[in-house]
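# A look at the structure
Chain by chain, the residues run as shown.
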Amino acid sequence: MERYYQPEIECAPREEIVKLQNERLVKQVQSVWDNVPYYRKKMEEKGVTPADIKTIDDLHKLPFLSKDDLREAYPYGLMGRPLKDCVRIQSTSGTTGKRVVAFYTQHDVDLWEDCCARAIVAAGGTNEDVCQVSYGYGLFTGGPGLNGGSHKVGSLTVPTSSGNTDRQIMFIMDLSATILCCTPSYAAYLGERFKEMGYGPDDISLKAGIFGAEAWSEEMRRDIEKTLGIKAFDIYGLTELSGPGVAFECSEQKGMHINEDHFIVEIIDPVTGEVLPEGEQGELVFTAVDKEAFPMIRYRTRDICSITREKCSCGRTHVRMAKPKGRSDDMLIIRGVNVFPSQIETVLLNNGYAANYQIIIDRVNNTDTLDVRVEMTPEMFTDNVGEIQQRQRTLVEGLRSMLGLKAQVTLVAPKSIVRSEGKAVRVIDKRKI
Ligand code: DLL
């Protein structure tokens, strides 16, 4: 039977959710106007005042916030509350420029942990569970968020953080952990280690996994579920909006319910900024309606995805988002063709490979080259050159039909591509443009 952490809000009638969103939005916009000069200026430039925002239908009148705004206002320029009211910061890794620092009041931490608790309960978690949190702890939101959620659910929380794979496995086995929280690429790696150590799915006590922080395919989900003998749930979020738990999967595993009492979602055309109708694919934009310290309004995530308001049989009434296909800034343009790494992953996994691969793009004689290096699994490993070439040809053909592009495929020995303990880095773009 489906269980909920906060059934009164997770399963509330739509009218109630919209009423709550309207009230919270009006209040939030006024508060930001009063307390965040950076955003007020943006509103003034667009000719909007709080009086123009009466319901969520007026949302489109408000200016967007982007990562560039966060960088420009770094570190304190977008705070909605004085420092004395804030109790925490978290931060992104800053691989693509300056770090983003997000602030939290105690109310914000609570709200965030509630969202993570909803995700854990949706994955079947109770106070009887042993929940191992193998996301990184520290500035990254994965560890702290799920740690807090697990406490709220009352599960026995094992804060292993990421890394030290053999110790992770020791704790899972010794404590009979039942829920595992980590990135999907790390879950796949743990599965690989378990296999090497001679453990099959029936030897592993885990029953569910809560995996997110990076894009992963349905094929990868099936692989992880099979190896670990679990049900694998997706969880989505970003530092700017608090962290994991903005949206999470229920037992139906057909998209992630967005916690709409806290986050209003829009899908926009990433080029024109136009709001797109339900079902169309575009960039996810969120408005955090009751966060205090870091009140993001119309924040452009750059994540490409679609949403559906179709009724979900789990009983939750909150809108669902599809698995993000990738980020608009992850999208590669190779010889003029738009390529998402997730499309390449789908071809590899459909052909029996695991998600251990690298995508290397370069430019030779003014032409883009796409080289996919993929590990053979131990079962397919061979030194028969003819067999390897045949396998490579099959992948080249599969990639051509998925992408419309000719790629070079290199099969490499098992375990020769470095494993990730957090978010996997799979794309190496050597082009100097
Ligand atoms: O990754 C928060 C998180 C931690 C989510 C643990 C889930 C689990 P950031 O480091 O700020 O925060 O990165 C946010 O990661 O904009 C997406 O591009 C990507 N992302 C997060 N979850 C998913 C997911 C955390 N389930 C960025 N599927 C986001 C695909 C995801 N991409």
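The rules behind each value
Residues numbered from 1 in each chain as written. Predicted model: local features only at pLDDT ≥ 70, side-chain atom pairs only at ≥ 80, totals over all residues. Heavy atoms only, no water. Helix = DSSP H or I, 4+ residues; strand = E, 2+ residues; numbered from the N terminus. Rg over C-alpha atoms; globule rule 2.2 N^0.38 Å. Buried < 20%, exposed > 50% of the residue type's maximum accessible area, 1.4 Å probe, protein only. Axes fitted to C-alpha atoms, helices over the stretch in contact; angles between N-to-C directions. Parallel < 35°, antiparallel > 145°, perpendicular 65-115°, else oblique. Contact = heavy atoms within 4.5 Å. Nonpolar A, V, L, I, M, F, W, Y, C, P; charged D, E, K, R; others polar. Near = heavy atom within 4 Å. Polar contact = N/O pair within 3.5 Å; in protein donor to acceptor, adjacent residues only side chain to side chain. Areas by Shrake-Rupley, 256 points an atom, 1.4 Å probe, with all protein chains shown as cover. Pairing = 2+ DSSP bridges. Right-handed = clockwise from strand over helix to strand, strands pointing away. Domains from an automatic or database assignment. Buried area = accessible area lost by both parts, 1.4 Å probe. Salt bridge = Lys/Arg side-chain N within 4 Å of Asp/Glu carboxyl O. Phe/Tyr/Trp six-rings, centres within 6.5 Å; stacked < 30°, edge-to-face > 60°. Lys NZ or Arg CZ within 6 Å of the ring centre and 35° of its normal. Core = buried A, V, L, I, M, F, W, Y, C linked by side-chain atoms within 4.5 Å. Disulfide = S-S within 2.5 Å. Arc of directions from axis to C-beta.

A separate point is the overall build of the chain. Scanning the chain from terminus to terminus reveals eleven helices and 21 strands. In summary, the chain has a C-alpha radius of gyration of 22 Å against a globular reference of 22 Å for 433 residues, a match within 12%. Taken along the three principal axes of its C-alpha coordinates, the chain extends 70 × 55 × 40 Å. Each of the 433 residues in the chain was classed as buried or not, and the buried ones make up 55%.

Orientation of helix H5 (residues 106-122) relative to helix H6 (residues 142-153), taken along the N-to-C sense of each, is 70 degrees, at an axis distance of 7 Å. In terms of axis orientation, H5 runs roughly perpendicular to H6. Contact residues: Asp110, Trp112, Glu113, Asp114, Cys116, Ala117, Ile120 and Val121 in H5; Pro144, Gly145, Leu146, Gly148, Gly149, Ser150, Lys152 and Val153 in H6. Among the residues forming the contact of H5 with H6, the class breakdown is eight nonpolar, four polar and four charged.

Another point: the site of the ligand. The environment of the ligand is made up of 20 residues, and the closest members are Asp234, Ile235, Thr239, Asp303 and Lys423. Taking Ala215, its main chain carries an N or O atom lying 3.5 Å from a nitrogen atom of the ligand. Starting from 610 Å² of accessible surface for the ligand in isolation, the protein chains cover 93%. A total of five residues in the shell around the ligand trace back to one element, the largest contributor, which is strand S7 (residues 231-238). The residue makeup of the shell around the ligand, split by class, is nine nonpolar, six polar and five charged.

Let us look at the pairing of strand S20 (residues 408-412). A regular strand places its side chains so that they alternate between the two faces of the sheet. By the bridge criterion, five bridges tie strand S19 (residues 367-375) to S20 in an arrangement that is parallel. Its bridge partner lying in S20, Glu375 is registered against Val412. Handedness of the crossover joining S19 and S20 through helix H11 (residues 385-403) is recorded here as right-handed.

Before going further, it helps to spend a moment on the domain arrangement of the chain. Taken as a whole, the chain is organised into domain 1 (1-329) and domain 2 (332-429). Here the C-alpha centre of domain 2 lies 30 Å away from the C-alpha centre of domain 1. Every contact between the two is made by 21 residues of domain 1 and, on the other side, 18 residues of domain 2. Of the roughly 1,600 Å² buried between domain 1 and domain 2, counting both surfaces, carbon and sulfur atoms make up 50%. When residues of domain 1 are sorted by the area they lose upon contact with domain 2, Glu192, Glu219 and Lys325 head the list and together hold 28% of the total. One can count two salt bridges joining domain 1 with domain 2. The partner of Glu196 in a salt bridge is Lys415, and the shortest N-O contact between them spans 2.8 Å. Here domain 1 is connected to domain 2 by eight residue pairs in polar contact (both at pLDDT 80 or more).

Attention now moves to the environment of Glu345. For Glu345, the position within the fold is in helix H10 (residues 341-350). Glu345 sits in the buried class, given a relative accessible area of 2%. Ignoring anything within four residues of it in the chain, the contact list for Glu345 reads Trp216, Ser217, Met220, Ala355, Tyr357 and Arg426.

Okay, the sheet that holds S7 next. One open sheet accounts for nine strands, arranged S4-S3-S5-S6-S7-S8-S9-S14-S13; its pairing is mixed. Strands with a single pairing partner mark the edges of an open sheet, and in this sheet they are strand S4 (156-158) and strand S13 (307-308). The strands touched by H6 within the sheet are strand S3 (130-133), S4, strand S5 (179-182), strand S6 (208-212), S7 and strand S8 (243-249), with S3 carrying the most contacts at an inclination of about 170 degrees. Running at roughly 125 degrees to S5, helix H8 (residues 184-196) makes contact with S5 and S6 of the sheet.

Applying the stated criterion across every chain yields a total of eight aromatic pairs. The structure contains a cluster of three or more aromatic residues connected by ring pairs, namely Tyr76, Phe103 and Phe294. Looking at Arg300, its charged tip hangs above the ring of Phe64, at a distance of 5.3 Å from the centre. We note Lys323 situated over the ring of Trp216; from NZ or CZ to the ring centre the distance is 3.8 Å.

Moving on, we come to the nonpolar core. Counting residues in hydrophobic clusters, the biggest one holds 70 residues, and the most contacted among them are Phe286 and Met321. If you tally residues by element for this core, the top one is H5, at ten residues. Phe211, Ile334, Ala355 and Leu405 belong to the second largest nonpolar core, which has 47 residues in total.

This model, assessed by the stated rule, comprises zero disulfides. Among the cysteines around Cys131, which has no disulfide bond, Cys181 carries the closest sulfur, lying 3.8 Å off. You can call Cys131 buried: its relative accessible area is 0%. Residue Cys250 stays outside any disulfide, its sulfur separated by 3.7 Å from that of Cys314, the closest cysteine.

Further remarks concern helix H7 (residues 165-175). Of the residues making up H7, those classed as buried are Thr165, Gln168, Ile169 and Ile172. Angular distribution of buried residues about the axis of H7 spans 95 degrees; they occupy a single face of the element. The inward-facing, buried residues of H7 abut S3, S5 and H8. Backbone geometry just after H7 places Ser176 at a positive phi near 50 degrees.

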